[in-house]
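# Observations on the three-dimensional arrangement
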Amino acid sequence: MNKTPTLLTLCLATGLSLSAIGQRLYPLEPVSNHYQTLGDLSSMPDPAYVSMDTIEFPSNGRASGKQFVGLEPAYLEAGDYEILKKLVSPPANSSVQTRAELQYLLEWQEKRTPSNRSRAFEIARIGYWPPMAIGGSYGDLTHLFWECRSIVGETCIAQDYPQTTKVLAGIMRDVRIAEFTLKYHHNRPRPYHLEPKLDPMGRVANPSFASGHTLWAYSQAFFWSELMPNRRREFLDLAFEVGESREIMGIHYPSDEEAARILSHKLLELMMKNPAFINDFDKAKMEWH
């Protein structure tokens, strides 16, 4: 009796991976929470506040992270960064949306507590920085696996998952290149450059759009949730908390966070077109199944 070949049989016969034949990245969830409400407002310049549109991120001082711009990516192509540049744009400084976002940050400033301040500072210290050179050298693996440990527990150790470590480190390299490519392309001023009443919990030496913390948080959350689909909501909630912590600190607009969420998903979509990424991704999946 003839049998229709299974997907696994087809993969074995052709030498293709399961990802190459059938995998699709889980769709991006719709915008929600205050990001939806604020995003519904006009992002166009408002003539009544036109002077705000002359303000850019100050060019004096240290341009942190700029050394990542133009580096050789791990999985993306050079043209992919042009796609990301056009995918999202910040609202005009004078727009109704930006002014509403500044008001939102002022309201957060009034309701900061010792607890959420402490948690925001804790998250601010998390940040994986890949080495400038490509190879077997990785950065701080404790930070690289922070999301996994936060959700799964202390048993989630990078040294026990070498293939996962490799692909996640590659993702993070491309995330950092994308982060600073976009920041210095849009050159958006930080919220405290537009609103003198803001008292930020810190000041940052690079432009605002998009949020780097939120970019890596969602990029990792989307990656981890592909390995552990039943825990997707937990990973996305953690990424949301990372983004919200930057608003609590008064150093990012809500639109910086929502843009980073969209960009993170697109980053992985673009990587899925690269056979090298698919191969590494498959190997990582084998460690979890």
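Thresholds applied
- The written sequence of each chain sets the order in which its residues are numbered from 1.
- Side-chain atom pairs in this predicted model are given and counted only at pLDDT of 80 or more, local residue features only at pLDDT of at least 70, and totals for whole chains, interfaces and linings cover all residues.
- Heavy atoms throughout the structure, all of them, feed into the side-chain values; hydrogens and water do not.
- A residue's pLDDT is the predictor's confidence in that residue, given on a scale from 0 to 100.
- Note on definitions: a residue-residue contact is assigned when non-hydrogen atoms from the two residues lie within 4.5 Å.
- Any two of the Phe, Tyr and Trp rings considered here, Trp counted by its six-membered ring, make a pair once their centres fall within 6.5 Å; the pair's planes then place it as stacked at under 30 degrees, edge-to-face at over 60, or tilted in between.
- For helices the rule is a DSSP run of H or I covering at least 4 residues; for strands it is a run of E covering at least 2, with both sets numbered from the N terminus onward.
- To sort residues, take the accessible area from a 1.4 Å probe on protein chains only and compare it with the maximum for the residue type: under 20% means buried, over 50% means exposed, and anything in between is partly exposed.
- A ring has a charge above it when a Lys NZ or an Arg CZ is no more than 6 Å from the ring centre and no more than 35 degrees off the ring normal.
- To obtain an axis, a line is fitted to C-alpha atoms, over the contacting stretch when the element is a helix, and the angle between two such axes runs from 0 to 180 degrees between their N-to-C directions.
- By definition in this entry, angles of less than 35 degrees are roughly parallel, angles greater than 145 are roughly antiparallel, angles of 65 to 115 are roughly perpendicular, and the rest are oblique.
- Crossings are assigned a handedness: left-handed for a near helix turned anticlockwise from the far helix by less than a right angle, right-handed for a clockwise turn.
- Expected span of a helix: the number of residues minus one, times 1.5 Å.
- Just to be clear on terms, a salt bridge is a Lys or Arg side-chain nitrogen sitting within 4 Å of an Asp or Glu carboxyl oxygen.

Per-residue pLDDT for the protein chain has a mean of 90; in total, 90% of the residues score no lower than 70. Taken together, the stretch residues 1-22 has pLDDT below 50 and engages in 17 contacts with residues farther than four places along the chain or on a different chain.

Turning to the packing of aromatic side chains, a few remarks are in order. Counting across every chain of the model gives 14 aromatic pairs. Both rings, one in Tyr35 and one in Phe240, keep their centres 5.9 Å apart while their planes meet at 80°; by these two values the pair is edge-to-face. Taken together, the residues span a long stretch of sequence, with Tyr35 in helix H3 (residues 33-39) and Phe240 in helix H12 (residues 232-248) at a distance of 205 residues. On the basis of relative accessibility, which here comes to 9%, the residue Tyr35 falls in the buried class. Measuring from centroid to centroid gives 5.2 Å for Phe277 and Phe281, while their planes differ by 40°, and the two rings are tilted. Pair noted here: Phe277 and Phe281 are both in helix H14 (residues 275-288), with a separation of four residues, about one helical turn. Just as Phe277 is buried, Phe281 falls in that class too. Members of the aromatic cluster, each reached through a chain of ring pairs, are Tyr75, Phe145, Tyr161, Phe223, Trp224, Phe235, Phe277, Phe281 and Trp288. The positively charged end of Lys111 is found above the aromatic ring belonging to Trp108, 4.6 Å away from the centroid.

With their axes 11 Å apart at the nearest point, helix H4 (residues 78-87) and helix H13 (residues 254-271) run at an angle of 155° to one another. In terms of their interaxial angle, H4 and H13 are classed as roughly antiparallel. Like other packed secondary-structure pairs, H4 and H13 cross with a definite hand, here right-handed. Listed contacts from H13 to Asp80, Ile83, Leu84 and Leu87 of H4 are Ile262, Leu263, Lys266, Leu267 and Leu270.

The next subject is the environment of Asp174. With respect to the helices and strands, the residue Asp174 is situated in helix H9 (residues 162-186). Looking at Asp174, the relative accessible area reads 0%, which means it is buried. Between the C-alpha atoms of Asp174 and Glu77, which are 97 residues apart in sequence, the distance is 9.7 Å. Those residues in contact with Asp174 that lie beyond four places of it in its chain are Pro73, Ala74, Tyr75, Leu76, Tyr81, Leu267 and Met271.

Note that the residue after Phe209, namely Ala210, is joined by a cis bond; omega there is 0°. Its location among the elements puts Ala210 in the loop between helix H10 (191-194) and helix H11 (212-227). Phi is positive for Asn33, close to 60°, though the residue is something other than glycine. In this structure, Asn33 sits in helix H3. In this structure, Asn187 is a non-glycine residue whose phi angle is positive, near 55°. Here Asn187 shows up in the loop between H9 and H10.

What follows deals with H12. Its 17 residues give H12 an end-to-end C-alpha distance of 24 Å, which sits within 8% of 24 Å, the value for a rise of 1.5 Å per residue. On its buried side, H12 packs onto H3, helix H5 (96-110), helix H6 (114-124), helix H8 (146-152), H11 and H13.

Our next topic: the pattern of salt bridges. In the structure shown here, the tally under the stated rule is 14 salt bridges. Of the charged contacts, one joins Asp280 and Lys166 as a salt bridge, the two residues approaching to 3.5 Å between their closest N and O atoms. Placement of the pair is Asp280 in helix H14 and Lys166 in helix H9, with a sequence separation of 114 residues. We classify Asp280 as buried; its relative accessible area is 7%. Several salt bridges converge on common partners, so that one network encompasses Glu101, Arg188 and Asp256.

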